[in-house]
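Working through the structure, step by step
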Amino acid sequence: MKKTNLGSKYDVEPGEHIKIVMTPKEGAGESNVTAKSNGSNSQFSAGTTPRLEFDCKAGQGLTTSAVVSCSFPANIPDDAFFLIKISGKAGEDTDSLQVTKSDDHDPEFRFEGV
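In this text, all values refer to a predicted model and were calculated from it rather than measured experimentally.

Strand order in this open sheet of 5 strands is E1-E2-E10-E7-E4, and the pairing throughout is mixed. Only two strands of the sheet have a single neighbouring strand rather than two, namely strand E1 (2-3) and strand E4 (33-37). Here E1 runs beside strand E2 (residues 9-12); their pairing, made up of 2 bridges, is antiparallel. Paired with Lys3 across the strands is Tyr10, a residue of E2.

This part is about the sheet that holds strand E8 (residues 81-87). What the 5 strands build is an open sheet, ordered E5-E6-E3-E8-E9; its pairing is antiparallel. Edge positions in the sheet fall to strand E5 (40-45) and strand E9 (94-100), since each of these pairs with one other strand and no more. Direction aside, the axes of adjacent strands within the sheet are offset by 15° on average. Examined bridge by bridge, E5 and strand E6 (residues 51-55) share 4 bridges and lie antiparallel to one another. Residue pairing across strands places Ser45 opposite Arg51, the latter belonging to E6.

One rule of thumb: low pLDDT means the predicted coordinates there are not for detailed reading. For the protein, per-residue confidence averages 91 on the pLDDT scale, and 96% of positions sit at 70 or higher. Confidence, expressed as mean pLDDT per element, reaches its minimum in the protein at E1 with 82 and its maximum at E6 with 96.

The next point concerns unusual backbone geometry. Phi angles above zero are rare outside glycine, and Glu26 is one such case at about 55°. By the element assignment, Glu26 lies in the loop between strand E3 (17-25) and E4. You can call Glu26 partly exposed: its relative accessible area is 49%. Even without being glycine, Asn41 reaches a positive phi, approximately 55°. Relative to the elements of secondary structure, Asn41 occurs in strand E5.

To continue, consider the side chain of Ser37. Position of Ser37 relative to the elements: it lies in strand E4. Here Gly39 takes part through its backbone nitrogen, which lies 2.8 Å from a polar atom of the side chain of Ser37. Of the polar contacts made by the side chain of Ser37, one reaches the backbone oxygen of Ser65; its length is 3.1 Å. Apart from the residues within four sequence positions on either side, Ser37 is in contact with Ser42, Leu52, Phe54, Thr64, Ser65 and Ala66.

Locating Pro77 in the fold gives a position in the loop between strand E7 (63-70) and E8. Judged by its relative accessible area of 36%, Pro77 falls in the partly exposed class. Separated by 51 residues in the primary sequence, Pro77 and Glu26 have C-alpha atoms spaced 7.3 Å apart. Sequence-distant contacts of Pro77, that is, excluding residues within four places in its chain, are made with Glu26, Gly27 and Lys101.

Parameters at a glance
- Residues numbered from 1 in each chain as written.
- Predicted model: local features only at pLDDT ≥ 70, side-chain atom pairs only at ≥ 80, totals over all residues.
- Heavy atoms only, no water.
- Pairing = 2+ DSSP bridges.
- Helix = DSSP H or I, 4+ residues; strand = E, 2+ residues; numbered from the N terminus.
- Axes fitted to C-alpha atoms, helices over the stretch in contact; angles between N-to-C directions.
- pLDDT = per-residue confidence, 0-100.
- Buried < 20%, exposed > 50% of the residue type's maximum accessible area, 1.4 Å probe, protein only.
- Polar contact = N/O pair within 3.5 Å; in protein donor to acceptor, adjacent residues only side chain to side chain.
- Contact = heavy atoms within 4.5 Å.

Right, dumping it as structure tokens:
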């Protein structure tokens, strides 16, 4: 997995396994995040550190997408955020970002087979 210069787009090997870990920080609450993907074998696991794992589409030029949905109810502290960490094959390549109350609460990520 390699991040491109086009926002949240990554070049991946066809069929590469991706893991997205969503860690709640400063009271964000693990029940306030979910994720989904159109990749194969997609599995969302809830818990103290929710995660989404899936395999990218097997084919050069094919795009697999994933959306993380974060909610910030009124009772959550203003400094609450989710740390989102994305990793590719065997955890070799990683990227991370924070989603706060003022950010887009539903970031989308695209993984294109190269």
